[in-house]
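Structural overview for review
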Amino acid sequence: MTNYQGSCLCGQISYNITGDTLSFYHCHCRRCRKMTGTGHASNLRVDTDTIVWLTGAELVKSYRLPEASRFRNDFCSACGTPLPKYFSEVGFVIIPAGTLDSEPEMQPQARIFCGSRSSWSCNDSLPTFDTYPAG
Ligand SMILES: [Zn+2]
Ligand SMILES: [Zn+2]
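Residues numbered from 1 in each chain as written. Chains lettered and ligands numbered in written order. Predicted model: local features only at pLDDT ≥ 70, side-chain atom pairs only at ≥ 80, totals over all residues.

**So, the pairing of strand β8 (residues 92–96)**
For β8, the tally of buried residues reaches five of five residues, placing the bulk of the element in the interior. A two-sided burial pattern is seen for β8, the buried positions comprising Phe 92, Ile 94 and Pro 96 on one face and Val 93 and Ile 95 on the other. Relative to β8, strand β3 (residues 41–47) runs antiparallel, the two being bridged by four bridges. Across the sheet, residue Asn 43 finds its bridge partner in β8, namely Pro 96. Here three bridges tie strand β7 (residues 85–87) to β8, and the two strands are oriented antiparallel to one another. Each bridged residue has a counterpart across the sheet, and for Phe 87 the counterpart in β8 is Phe 92. Two successive antiparallel strands, β7 and β8, enclose a turn made up of four residues, where Gly 91 displays a positive phi of approximately 75°. (Buried ≥ 20, exposed ≤ 12 C-beta atoms within 10 Å, placed from the backbone. Helix = DSSP H or I, 4+ residues; strand = E, 2+ residues; numbered from the N terminus. Pairing = 2+ DSSP bridges.)

Spelled out as structure tokens, the structure:
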């Protein structure tokens, strides 16, 4: 069992989630790219049906993609940050790892949906910088 705590960018929403971590994947699918505005989503899957909203529950909004069986974006209506979401059909919670304020118990295990990965997304041979590159 791990306890996960996190919050959105504006800080009005915070949450607490407790459960067993099932997986931690970078998902490169088109839907995740659109939802995050980045090359991939980084999602923890946790075996629980409970998200405790510590603050800001009234700001949580949900968008369900009509053509998908269960693709949904729950987000902060003030700042747009994607939030944890519970899928009752399958009985787990997905946590967008970037919203965590605590360390996850595992590191990412894999990249998934690489068949639809963008050519520019996460080329692991790139140089790295702790902050902005110099100059
Ligand atoms: Zn917010
Ligand atoms: Zn995805």
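**Topic: the nonpolar core**
By size, the foremost hydrophobic cluster in this structure holds 15 residues, and its most contacted members are Ile 13, Ile 17, Val 46, Cys 76, Leu 83, Val 93 and Ile 95. Among the secondary structure elements, those contributing two or more residues to this core are β2 (14–27), β3, β6 (72–76) and β8. The element that contributes the greatest number of residues to this core is β8, accounting for four residues. (Core = buried A, V, L, I, M, F, W, Y, C linked by C-beta atoms within 7 Å.)

**Comments concerning unusual backbone geometry**
Negative phi is the rule for most residues except glycine; trans is the rule for most peptide bonds. Non-glycine residue Phe 113 carries a positive phi angle of around 55°. Positionally, Phe 113 belongs in the segment after β9 (110–112).

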